[in-house]
Amino acid sequence: MEYQERLGVPLRWWVQGTMLIASLWLAVVVALPAAVAWGVSGAALALMALGLLSYGSARLSVHDGVFRAGRARIEAEHLGVATALDPEETRRTAGREADARAYLLLRPYLKRAVRVQIADPRDPTPYWLVSTRHPEELARALHALAAAE
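The sections below set out a description of the structure shown in this document. Computed from a predicted structure; not experimentally measured. For every chain, the first residue of its written sequence is number 1, and the numbers climb from 1 along that sequence. Owing to the predicted nature of the model, reporting of local features is limited to residues with pLDDT of at least 70; listing and counting of side-chain atom pairs is limited to 80 or more, with chain, interface and lining totals taken over all residues. Hydrogens and water are ignored here; the side-chain numbers use all heavy atoms of the structure.

1. Considering the environment of Leu 24
Part 1: Examined against the element boundaries, Leu 24 turns out to sit in helix 1 (residues 11-29).
Part 2: A residue is classified by how much of its surface remains accessible, and Leu 24, at 32% relative accessible area, is partly exposed.
Part 3: Should any heavy atoms of two residues lie within 4.5 Å, those residues are considered in contact. The contacts of Leu 24, once residues within four sequence positions are left out, are Val 40 and Ala 44. Helix and strand assignments follow DSSP, with helices taken as H or I runs no shorter than four residues and strands as E runs no shorter than two, numbered in order from the N terminus. Residue burial is assigned from relative accessible area. The probe radius is 1.4 Å, only protein chains are included, and a residue is buried under 20% of its type maximum, exposed over 50%, and partly exposed in between.

2. Quick word on the pairing of strand 2 (residues 59-63)
Part 1: Here 4 bridges tie strand 1 (residues 3-6) to strand 2, and the two strands are oriented antiparallel to one another. Bridge pairing in strand 2 places Glu 5 opposite Leu 60.
Part 2: Strands are treated as partners if at least two bridges between them are detected by DSSP. Sheet topology places strand 2 next to strand 3 (residues 66-69); 4 bridges connect them, and they run antiparallel. The residue bridging Ser 61 from the neighbouring strand is Arg 68, located in strand 3.
Part 3: Hairpin connection from strand 2 to strand 3: 2 residues lie between these consecutive antiparallel strands, with Asp 64 at a positive phi of about 55°.

3. Some thoughts on the side chain of Glu 5
Part 1: Structurally, the position occupied by Glu 5 is in strand 1.
Part 2: His is not counted here, nor are the chain ends, while Lys and Arg score as positive and Asp and Glu score as negative. Any carboxyl oxygen of Asp or Glu that lies within 4 Å of a side-chain nitrogen of Lys or Arg is treated as forming a salt bridge with it. Here Glu 5 is buried and forms no salt bridge, its nearest opposite-charge partner Arg 133 lying at an N-O distance of 4.2 Å.
Part 3: Polar contact criterion, stated in full: a pair of N or O atoms within 3.5 Å, where within protein one must be able to donate a hydrogen and the other to accept it, and residues adjacent in sequence count only if both atoms are side-chain atoms. Engagement of the side chain of Glu 5 in a polar contact is seen with the side chain of Thr 132, the distance being 2.5 Å.
Part 4: A distance of 2.8 Å separates the side chain of Glu 5 from the backbone nitrogen of Arg 133, its partner in a polar contact.
Part 5: Glu 5 has contacts with Ala 58, Arg 59, Leu 60, Thr 132, Arg 133 and His 134, leaving out every residue within four places of it along the chain.

4. Looking at a nonpolar patch on the surface
Part 1: Only residues whose relative accessible area exceeds 30% and that take part in no salt bridge are eligible for patches, with like-charged residues grouped when within 9 Å of each other and nonpolar side chains (Val, Leu, Ile, Met, Phe, Trp, Tyr) grouped when within 5 Å. Residue burial considers only the protein chains on display, and all accessible areas are found by Shrake-Rupley using a 1.4 Å probe. There is a patch of nonpolar side chains on the surface, built from Leu 24, Leu 32, Val 36 and Val 40 and spanning about 270 Å² of accessible area.
Part 2: For Val 40, the location among the structural elements is in helix 2 (residues 34-55).
Part 3: Relative accessible area serves as the criterion here: at 35%, Val 40 is assigned to the partly exposed category.

Printed below as a string of structure tokens:
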């Protein structure tokens, strides 16, 4: 079983960012010539788009015996139990019950996650905590990956 997901930012962030740029344009256009206001607003819009695209570019994949979460990757032989977490469990696991050695790929706009135990005794990382829109599907894919190994 394979799994692919991109952790893109929600549409709401794009709308709010665009409104912020429109407010910036309005504030600048009354103080500076229109061409400068459009230039400043255009540059701000480009920076906002670059920032949101970069932040939302993290990908999760289960493919060819490897689990990838962002830039991190781990082979199936080192995976332990994968547990889909509800919003409350995610909040606790990322908060007061967190282990400082854990690998975290969390996004504030995603309230659910999957906790993946690491079974490699040489790896100091006890688990990965990964935000996802589909925790049950990701956990199933990780179980299938570990079982195939």
